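A structural walkthrough
What follows is each chain in one-letter form.
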Amino acid sequence: MPASHTVAVLLDDALLTLNRAVGVLRRRNVPIECLALKPSGTAGVSELTFVLKADAATAGRVVQQIHKIIGVRDVVLVATEDSTTEVQP
Amino acid sequence: MTETLTGAQILCRTLLEAGVDVIFGYPGGAIMPFYHALGDHARLRHILVRHEQAAAHAADGYARASGRVGVCVATSGPGATNLVTGLATAHMDSSPVVAITGQVPRAMIGRDAFQETDIVGITLPITKRNYLVQDVAELAGVVREALAVAQEGRPGPVLIDVPKDVQNQKTAYTPGPMAGGSLRAKKTQSLREPPVTGPGVTPSLEDGVREAARLIAAAERPLLMVGHGVIIGNAYTEVRALAEKTGIPVITTLLGISAFPDGHPLFLGMPGMHGEVRVNRAIQHADLIVGIGLRFDDRVTGNTAGFAPRARIVHIDLDRAEIGKNVPVAVGIVGDARDVTRRLAAQVQPRTCERWLDEIREFTRPRAVAFRGDLAPETILASLYQATEGRCTIVTDVGQHQMWVAKLYPYREPNSHITSGGLGTMGFAVPAAMGVHLARPAETVWAISGDGGFQMNMAEIATMVQERLPVKMAIFNNGYLGMVRQWQQFFHSKRYSCTPIWSPDYVKLAEAYGIPGWRVKEAAELADVLAQANDHAGPALVELVIEQEANVYPMIPPGGSLSEPIETAPAAAGD
């Protein structure tokens, strides 16, 4: 069942790293509902947040694939659907 | 000691300091400063290939055979794009390759300059990491990091794009330590705790190993499935210890071949699309599969919905993204194959699997006679084994011959079988074998290709001659792109569309390059020719004229289940 999953990524403030992270979504043709980039508060580190529409397994694989990118410091599946409850890993 | 060096000199120095002693490349405009500096660094041997694709495959072959980084170099534009197939091959098969490419000067980037291409953009999805170096002050650090990234964790290719003016720029240079460790440490900064785990990943290594040991103790029909990770992680002894302590039969994937000795009583063979019937039936009957260092890719599993329907799966892999990616797992353990297998072998209780082994023996079927004439692959590979006494590394290309060699050559030495698995790159064998030779100069290297794949990179014979690389080449010549023809026979009503392929006279071709060449048509000639080629001091070529419409059996149709092998050719229309 496709649902909306919010994913937050902490990554190096480098265009190539951002490009790689977004490339994971592009390659798998994952529909994106919104996407935002902002400074994380730590110098040299950005926070990328996006909402993707996919089943839970696909969302999980996206998180794993982004996690292995060098320059990505952490990835968290923050929420699913409009729930305010965090998904337990 | 700090010196002032150009970017080009820094490239040479950082490579040498990291222990790189050979690079494969092809000069051109945007990489000329590097080639100029190379003249002052005689310890950095350069192998001049005939096409940049070969440089990448040779670096890959070197990396797989040595376990160290293979380095290739090309100029900007077409030089760089010609590396792409080789990098994608290395990426799919987790091989540590570093590519250094020249780029147009910084001021020209983005202006469609002569021989400009966005190679960093092009290689994003097929590299572990890549860099466009904008400042010479960063160059040494980038090279050290690139060499570390390529090797650490799950290995893979890295590309460094260096604009020509950065190669000419000067900066202060101090020999420095290799990067490494620091990259993983960067992962510590978390959005919150605990860090993510993957689907099916057991949170702690100890729990995972304990649970895996419990499943092994309870299983009646367990299998060990061993992949490339065991070779990369040098976990042969540990895997063998685990198998022998538990009596669990062992399957090796295409890239896992030679990770477990052929001929060992617990060795079953290769699974998947062209796996032996008994191996695939063992998978379909197993109640536990312990997979070590493999991806469960589609050529291994067939249709995943029908894969190992009775089995729980324990998956051990260094890359947590692999756990649960293709098949659901009961226990996922993220870790180094050697370390985890050693722990598992220590934890498991000794047991045997005699009844299960008896059951598997029942699965064995006599191999159907698939060849007319006497120059059958079985005969060829038995003869090659005799000629080499099993002491050689075999590099294969992609197609029918690849499957015959994988199934029929009895590998005894670890990591003595090298092939392009994931990407399935025709043309791989000949250039990769050059790299394998440079990694193992004391060993004999055989490059085995079909007539299609051989013609893709046969220009590299010139490289072998010029650089004195005594690679032995064998060509399985059936006059067809055999594997595609086989699919056309089975699935496209025998319409052999564009698969008949003409070959030159390979003996004359060998003669043109000044190397010995033989054409073998009868099995009686094999032993003598293979022995002569094997013992020849330089490169040598043997053409094996085999039956034109020979097939690889058994075969699981694409998308089919491992339970449904094809073992004979379909009846021709009108039969």
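Residues numbered from 1 in each chain as written. Chains lettered and ligands numbered in written order. Predicted model: local features only at pLDDT ≥ 70, side-chain atom pairs only at ≥ 80, totals over all residues. Heavy atoms only, no water.

Residue and element names in this part refer to chain B. Secondary-structure assignment places D21 in the loop between helix 1 (7-17) and strand 2 (22-25). Each C-alpha atom of the pair D21 and H46 lies 8.6 Å from the other, and the pair is 25 residues apart in sequence. When residues no more than four places from it in sequence are discounted, the contact partners of D21 are R43, L44, R45, Y62 and R68. (Helix = DSSP H or I, 4+ residues; strand = E, 2+ residues; numbered from the N terminus. Contact = heavy atoms within 4.5 Å.)

For helix 5 (residues 84-92) of chain B, the set of buried residues is G86, L87, A88, T89 and A90 of chain B. Turning to helix 5 of chain B, the residues buried within the fold contact helix 3 (52-66), strand 5 (97-103), helix 6 (119-123) and strand 7 (158-163) of chain B. (Buried < 20%, exposed > 50% of the residue type's maximum accessible area, 1.4 Å probe, protein only.)

Residue and element names in this part refer to chain B. Counting residues in hydrophobic clusters, the biggest one holds 60 residues, and the most contacted among them are L223, I289, F307 and L344. No other element matches the five residues that helix 10 (residues 205-218) contributes to this core. Beyond its immediate chain neighbours, meaning those up to four positions away, F307 contacts M225, I283, Q284, I289, F296, V300, T301, I313, V327 and L562. The next biggest cluster of nonpolar side chains, apart from the first, holds 49 residues, and it includes A58, A80, I461 and I475. (Core = buried A, V, L, I, M, F, W, Y, C linked by side-chain atoms within 4.5 Å.)

The strands making up a sheet associate through hydrogen bonds between their backbones, and the pairing can be parallel or antiparallel. Residues and elements named next belong to chain B. Strand order in this open sheet of six strands is 11-10-9-12-13-14, and the pairing throughout is parallel. A strand with exactly one partner marks an edge of an open sheet, and here the two such strands are strand 11 (267-269) and strand 14 (331-334). The sheet shows a mean angle of 20° between the axes of neighbouring strands, direction not considered. Relative to strand 10 (residues 250-252), strand 9 (residues 222-226) is paired through three bridges, and the arrangement is parallel. Residue V226 lies in a different strand from strand 10, and its bridge partner there is T252. Strands in contact with helix 10 are strand 12 (288-292), strand 13 (312-317) and strand 14; relative to strand 14, the strand with the most contacts, it is inclined by about 135°. (Pairing = 2+ DSSP bridges. Axes fitted to C-alpha atoms, helices over the stretch in contact; angles between N-to-C directions.)

A word on a nonpolar patch on the surface. Residues and elements named next belong to chain A. A cluster of nonpolar side chains, V22, I32 and L35, forms an exposed patch at the surface whose accessible area comes to about 210 Å². Its location among the elements puts I32 in strand 2 (residues 32-39). Residue class for I32 comes out partly exposed when judged on its relative accessible area of 33%. (Patch = residues over 30% accessible without salt bridge, like charges linked within 9 Å, V, L, I, M, F, W, Y side chains within 5 Å. Areas by Shrake-Rupley, 256 points an atom, 1.4 Å probe, with all protein chains shown as cover. Salt bridge = Lys/Arg side-chain N within 4 Å of Asp/Glu carboxyl O.)

As a further point, take the pairing of strand 17 (residues 444-450) of chain B. Residues and elements named next belong to chain B. The buried fraction of strand 17 amounts to six of the seven residues, a majority that puts the element mostly inside the structure. The pairing of strand 15 (residues 392-396) with strand 17 spans five bridges and is classified as parallel. Looking at the pairing, C392 lines up with T444 of strand 17. The pairing of strand 17 with strand 18 (residues 472-477) spans five bridges and is classified as parallel. Bridge pairing links G450 to F476 in strand 18.

The subject of this paragraph is the pattern of salt bridges. Pairs can form between side chains of opposite charge once their charged atoms are near each other. Scanning the model with the defined rule gives 31 salt bridges over all chains in all. Residue D339 of chain B is joined to R343 of chain B by a salt bridge in which the shortest nitrogen-to-oxygen separation is 3.1 Å. Of this pair, D339 of chain B and R343 of chain B both sit in helix 15 (residues 337-347), four residues apart, which is roughly one turn of that helix. For D339 of chain B, a relative accessible area of 27% gives the class partly exposed. Taking the relative accessible area as the measure of exposure, R343 of chain B reaches 35% and is therefore partly exposed. The salt bridge involving D505 of chain B is made with R519 of chain B; its shortest N-O contact spans 2.6 Å. In this pair, D505 of chain B is assigned in the loop between helix 22 (482-491) and helix 23 (506-513) and R519 of chain B in strand 19 (residues 517-520), connecting sequence segments 14 residues apart. Residue class for D505 of chain B comes out partly exposed when judged on its relative accessible area of 30%. Bridged by salt links that share partners, the residues K68 of chain A together with R154, D319, E322 and K325 of chain B form one connected network.

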